[in-house]
Structures are given as structure tokens and as C-alpha cells.
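Working through the structure, step by step
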Amino acid sequence: MEIPFAILTALTLVSALAAMSLRNLVHCALCLALTLAGLAALYLQLGAQFAGFAQILVYVGAVAILVVFAILLTNRGDQAAATRAPARSWVTGAGIAVAVFAVLARVILTSSLATGHPMVDRGSPTVKDLGMQLMTQYVLPLEVIGLLLTAATLGAVIIALPEKKTPAAAAPNH
Amino acid sequence: MIADLLNGIGLLLWRVVSDQPDAKGALLPVLPAVLQPVVSAVLSVAPIIGVFASLFALTTLLERKGLGRIQNRLGPNRVGPFGILQPAADGLKMLTKEDIIPRSADKVVHFLAPVCLAVPTLLAFAVLPYGRNLVPLDLDAGLLFFFAVGASTELSIFMAGWSSRNKYSLLGAMRAIAQMISYEIPLIVSSVTVVMMTGTLSPMHIVEHQAGFIWGFIPHWYVLTPWGFAGFVIFTIASLAESNRSPFDLPEAESELIAGHLTEYSGFKYALFFLAEYLGMFAISGLGVTLFLGGWHAPLPGLEWIPSFVWFFGKLVSMVFLFIWIRGTVPRLRVDQLLNLAWKFLLPLALINLVVAAVWHFTAVWTFPGALVVRWLLGAALIGGPYVLLGSALSGAKKNTLRVYRYAT
Amino acid sequence: MLGEGIIKGMAETARNFLGSYHDAARLTTVEFPEDKIPAKESARNFPFLVHDGEDAMQGLRCVACQICEKECPPKCIFIIKDTNKKPDYVGKLQFQPKVFDIDVSVCMSCQICVEVCPFDAIKMDTDFELGGSDRFGGLLLNKRRLAKPNSYYHTIHPTEAAEVDGRLAAEKAKVEAKAKADAEAKAKAAAAAAAAKAAAQTTPPVVASTPAAVVTPAK
Ligand code: SF4
Ligand code: SF4
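Residue positions within a chain follow its written sequence, with the count starting from 1. Each chain gets a letter, beginning with A, and each ligand a number, beginning with 1, in the order they are written. Given that this is a predicted model, residues contribute local features only at a pLDDT of at least 70 and side-chain atom pairs are listed and counted only at 80 or more, while totals for whole chains, interfaces and linings are drawn from all residues. Hydrogens and water are ignored here; the side-chain numbers use all heavy atoms of the structure.

Glancing now at helix α1 (residues 4-22) of chain C. With 19 residues, α1 of chain C extends 28 Å between its outermost C-alpha atoms, agreeing within 8% with the 27 Å of an ideal straight helix rising 1.5 Å per residue. Any pair of residues with heavy atoms lying within 4.5 Å of one another is described as a contacting pair. For the purposes of this entry, the term helix denotes a DSSP run of H or I that reaches at least four residues, the term strand denotes a run of E that reaches at least two, and both are numbered from the N terminus. Buried residues in α1 of chain C make contact with α3 (35-70) and α13 (308-329) of chain B. How far a helix is expected to stretch is found by multiplying one less than its residue total by 1.5 Å.

Positive phi outside glycine occurs at N72 of chain B, with the angle close to 60°. Residue position: N72 of chain B is located in the loop between α3 and α4 (86-96). Residue D120 of chain C is not a glycine yet carries a positive backbone phi of 50°. Tracing the chain through its elements places D120 of chain C in the loop between α4 (112-116) and β4 (122-124). Judged by its relative accessible area of 9%, D120 of chain C falls in the buried class. Between buried and exposed lies partly exposed: a residue is buried under 20% and exposed over 50% of the maximum accessible area for its type, with that area taken using a 1.4 Å probe on protein chains only.

Attention now goes to the sheet that holds β4 of chain C. Residues and elements named next belong to chain C. For two strands to pair, DSSP has to find at least two bridges joining them. Ordered by their spatial adjacency, 3 strands build an open sheet running β4-β1-β6, and the pairing between neighbours is mixed. The strands lining the two open edges of the sheet, one partner per strand, are β4 and β6 (147-149). This sheet shows a mean twist of 50° between the axes of neighbouring strands, independent of strand direction. Taken together, the 3 bridges between strand β1 (residues 47-51) and β6 define a ladder with parallel strand orientation. For L49, the partnering residue across the bridge sits in β6 and is A147. Structural elements are reduced to axes, namely lines fitted to C-alpha atoms, with helices fitted over the stretch in contact, and the angle between N-to-C directions of any two is expressed from 0 to 180 degrees.

The next point concerns the sheet that holds strand β5 (residues 140-141) of chain C. The pairing of strands in a sheet comes from backbone hydrogen bonds and takes either a parallel or an antiparallel form. Residues and elements named next belong to chain C. Across the sheet, which stays open at both edges, the 3 strands sit in the order β2-β3-β5 with antiparallel pairing between neighbours. Every other strand in the sheet has two partners, leaving β2 (77-87) and β5 as the edge strands with one partner each. Strand direction decides the pairing type here: strand β3 (residues 93-103) and β5, joined by 2 bridges, are antiparallel. Bridging across to β5, I102 finds its partner in L141.

Below, the structure written as C-alpha cells:
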């Protein structure tokens, strides 16, 4: 239990560091994918099958692809400009980092690890249990997220639709 | 000691052949405790690699032979009797070829891509039930596992295409990714139909749900229900696209893209890609067999004495043969046709199929005589109608008209 | 209906698949090294040099005029002229190639060399089994390997060869006729001269003796 955990953690951390520090943007994206896969493996090791597989399916399968596509479509991935980020993004980045750290710290401090309360072992949840919960207790958030995603998809489709040509523009320009 | 060991191996083989549970349990107790986990893992993994690697060799031969016959040729018949040693010759050729890495390629990524592709492809075999008691890993979320590892192959194809520093490779990889992402959705939705009907994500349990016979002789396979049939057809089309097989072999289109992301690979790495492609095809066919064709169940009541894995592999090989047959028949699609087929035809049908499955499920309470036939006809009408309407709407939309050239005269 | 065409196509390929097992007439291919489809008369791949008679090097029709070398688009012909001349088919002295190489790994089988050759010396071959273990030298054909008798040309391209032979024969006949006519004319002239001489001799000796007297000291 300990050795695989150590290996996975090391892998995740090293690839996360590489994702931040490598020069080549595509390499960064690939390392990011590795980080996400490492996280998925950690979830699996903790017995959270659904979270682990969903992490691979969504993050390695889709988000990483999206990232590399975005890199390739916006600039030459192999010649990442070594420009310094403007000051405003530094501030925003730091703000996000602090916020994430605060949330994580709070969660850890209130967890049974820090408070010393004995953990309640409810057994690893099966996918069926998760589904039941989603369909009963958390049905409203689920529907809201569904609606949001549908709206986002529709928006993407509308943006991608070819613009209606005005008669002048539609005329063949010889 | 030796006698115990031989005894254990014999018992293990007997249990495998006669479909008894806990085959590994026959051998493990006679081994020293340190060795047990290692041997257990090897016993699970080695047969998969061995069996599917030989199936790969066999399929390359069958494919070339079959395509030859379809085109009224003989196919390979020089190496060994009837050419059966052809795969060995091909393999030797692949392995002894020069391994070329383009000078400007990204060496590390170029090297890692085939490995990253082969590993998830092999992992997918872990959750398939090969026989009544033969499943390497009975995961509660097995189906999810299968699709998760399947999704991670896309990144390896991107790696291969990008690291080669070749425009054909990159274009091929982009096409491959667009295609795989598009077809993953109908593939998953058509599988979800089965999940919905069985209420489980474990392939093992899905197969168990398909046991038994209707009226004593019609097997209770999902492909024989209206929603199951439609699901199977959608699944097959989508899996052809997922495994980059003709008519969806655009990413590799030899005549347009000189083999796409494989352009800059040679020797052993090319062989790895080739192997991964075929293994992917086997895995996805195996999943199709599991979901719709009753897995390892025998097709007729009297045939259950034949070991269950024989049925599984028989069905798998038939699926592969179907793939080869389709490859010999249908020409390659254009990119726009490919994406239209996925998004405008397969996806709506797969969604409608979910509704059909629900109707099938809720009409299960009907008990009047002939209820099964009525349900069947109802289901067929519910999925057949949209099929005809969508089909005519999509194919009628683009009538062949005289092409108008905007710039050329 | 959508998918109908695919079903029809699958039925067709299935018919091919099954049919090819019991109906050998369906098989469109032959098993190559053992069976060969005879080359079509119009087939061509690489050029060869035609020679007449038994001795290949003596009978080469090529006169090393180097027109083909200049015209070959990928420049795969290489010729060096020999200083010795040899008689051609009509007996006229002509140059001959000392070196005549064609690199068939470069040749694109365009037949331009054949079209431009004024001597019908280079023709297209149909032999395609050129495989060898030497990647560079094996495909650089020298004039010994390129030379093939006219009878071979007749077996691969009978119509064309007959036409060429006819043309050459006609030319030869014309040349010979001309030679004969020339010879006859010469003979006639000679005869006329002789006759004139004879006539002169029959004239009074006074006139005849004068030139003889002039010529004699010059000898
Ligand atoms: S056939 Fe064409 S390419 Fe070949 S030697 Fe003759 S002129 Fe050159
Ligand atoms: S082959 Fe013909 S054109 Fe070429 S050098 Fe000889 S005579 Fe001239």
C-alpha cells in the first residue's frame, strides 16, 4: 500500500512540476495529462473507482486533447514564446492559488485526519450508490449542471455557425 | 513437491477447460506464499497477451486472405502451406527493419507514443469476461474502465503525429482524434442502453443477464431485441470508427495522407502501432460480444457442454470477420461525411434507442398472449421509423447537382 | 433507404468470396513466377539496343550520335564515342559507342529516346524481371547488357519490328539502287570515256600522239 502510493505521488508531483517548468508548450500539456492520470491512479488506490475512471475519461481523454488542440491552433507549440507573463495574470494566478490552497487547507483541517475523530468507514461506494445519490439527494445540482452544459454547447454551436452572408458579401468576388 | 506442482497445473487446466470457478486456486496453494501474488498476476496476464498476440497474427493472415478472395485473388500462399507462416515472415521483416527517427523529430515523445498506445489497449482486455468463470478483473465499474482506457489512446496518437514533425502525420493525428472523439459518443450511448437495461456496469453481470432462452430455443441475447439490434448496429459502426478500420480509415488514408500518424514510424515501433490497432479492434469487438451477443453463452440449449470461452472467441472471430468483410466492401468516407454520420445520424439514433429501450423495459409487465411479439413490433417501429426518416432526410438533402465553381472558370 | 447500397455491396463481395473458391475462372490473377501472362505487344518498360547479325558488338545499330542522350528527360543515358568507325547496315562507315549506359533506376520509360533515334537503334524492352542484389551497379545497364538481337525485337514487338525492318530494307534497297545507279553511271561514264578514248585512238595519230607526248614526261 505504501510503496505504490509513494511511486504514484512522486510521479504526479514530478509531472506537475514539469508541466509548469518545461519550455515547450506541448510537452507541458503532455505532462499535465500525466499529472491528471496520476491523480486518477491515486483515486483508484483510495477505492474511488468511479472518480478515478471518470477522471481518466474526462481529463486524459477530453481535456488534455482540448488543451493540445488549443495550443496547436493558437501558436506554434514548439516555439513557445519565452515572454514573461504580464503583471495582471501574475496577480490573478496568485489569487487563484491562494483560494485553492485555502479551500484545501480548510478541508484537511476539518477532516478526521486533523481533528483526530475516528473515521467512519462506509465502505467504498459503488457506482450504483453514486447514481442513486445523484438521482435523489443531488438531483437539483445535477439538473442545473446539465442545463448549464447544454447552454454552453448551444452557445458553442452558435459561435461556430457560419455567419449569415449579407447579399453584398455573398456575391462572388471575382 | 514436483508432483504437487504438476497436479496443480493439471487441475488448473482442467478447471479452465471445464468452466469451473477458481481455476487459479488449484495451483496457488501448492506454491510458496511469496510467489503466490506474482504467479497469480502472471496467470492472469500471460494468457491474454499470448492469446491475443496469436489472434493478431492469425487475423493479419485471415484479413489478407479474405480481402484477396473478396477481390477474386488468392491472397498470400507462399510462406508455408497455404501461406500460414506469412505472419511469422511479416513479423520478422518488421523486427529486422531499420528503425528510423526523423532528424527534426521530438525524440522522446516519438519514442513514447507507441508505448503509450499499446499499454492502454492491453489494459482494456482486463475487464472482458472470456468465459463463465474467466474474467481477469471483475470490476464493479468495468465498462467505465474500458471506456476510460480507450479514451486515453487518443493522446498517444496525438503524440505520434505531433512528434514526427511531418505535416501528414499531424493532419492524420488531428483527423484521428476528431474521429475518435466523435464516435466515442454514439459508442458510449449505445452501450449505456445495455447498462440501463441491466442496471450494472460490470461486464460479468451484463453477460449473466443474457442467460437463458425464450421459448426454449431463442437465446436471450440483447441483439435479438429491437433496441439491442439497433444498439448493436450503432455500436459496430462506431467501433469500426474507433479502431480506425475501413471505411473510417481516414486518419491513415494511404492515398491521401501516406498513413497519417504512422508516416514516420518504421520497424518495431510501426509494428507496435499495428499491434495496438488490431488489439484495439479485438477489445472493442469483445466488448460488443459481451454487451449484445450474449458473451460466452451458447447459442442453443443443447450446446452448453462446449466450454464457454470457445463461444466467446467464436463470436469474437465472427465480429472480426465482419470487420474484414466491411473493409472489403465499403469505400472510404470523406471527412465531412464521417462527422455528419456521427453527429447527425448515429447520435440521434442512439438517443432514440435509449427511449426504445425504456419502452421495452416498461412494457415487460404485459402478460397477454403474444405480448412479446407486440412489444417487439412496437420497438422495431419506434426505432425503424426514425431510422428511415433520418436516413431519407440526410441522404435526400444533398442531391447531385451541377457543381458551380466560384473561382475557376 | 439508407444502407441499402451497403447491403447490396456486401452481398456482392460475399458472392466474390465464396465464388472464388469453386470457380477458378473468377480468379483474375496468376501465380507469378510459375505462371506468366504473356506481355502485350504494346508493353514497354526500359530501352534496349538492337543489333543485327551474330556479333552483338559488331552488329550494334547505334552510331553514337548522342541524340538520345540529349533528349532523355531524366538524363539517364551516358554515351562515349569510340574513335574507330565500323560499317553500318548499308556498309557506310559510322561511329560506334565505346560506352553506352542506361541507369534503369532513373529511366522513366518515356520512350523519347526511341522516338528521336534516327537509326532505329534503340527500342523499348518488355523484360521486367530486373531484380538484383546490387542496388547501384545492378541497375546501371552497360551496352553488353543492353544489346539484344533483332530477332528478339521481332518476338516482343512483331508488328513494329516488321515495319522497322521493312523501312530499313527499303532504305538499304534505295541506297543499293543508288549505288548501283551510281556504279552504272560510273561504268557508263567510264565506258563513255573509254569509248571516247578508243575513238580518239582511232583518230589520226598526229592528234593522239601530242597528249601522250605531253603526259609521258610527267610520269
Ligand atoms: S525511355 Fe525516356 S527516360 Fe528512359 S532512357 Fe529513354 S528517354 Fe531516357
Ligand atoms: S541510340 Fe540512336 S540516338 Fe542514341 S546514340 Fe545511338 S544512334 Fe544515336
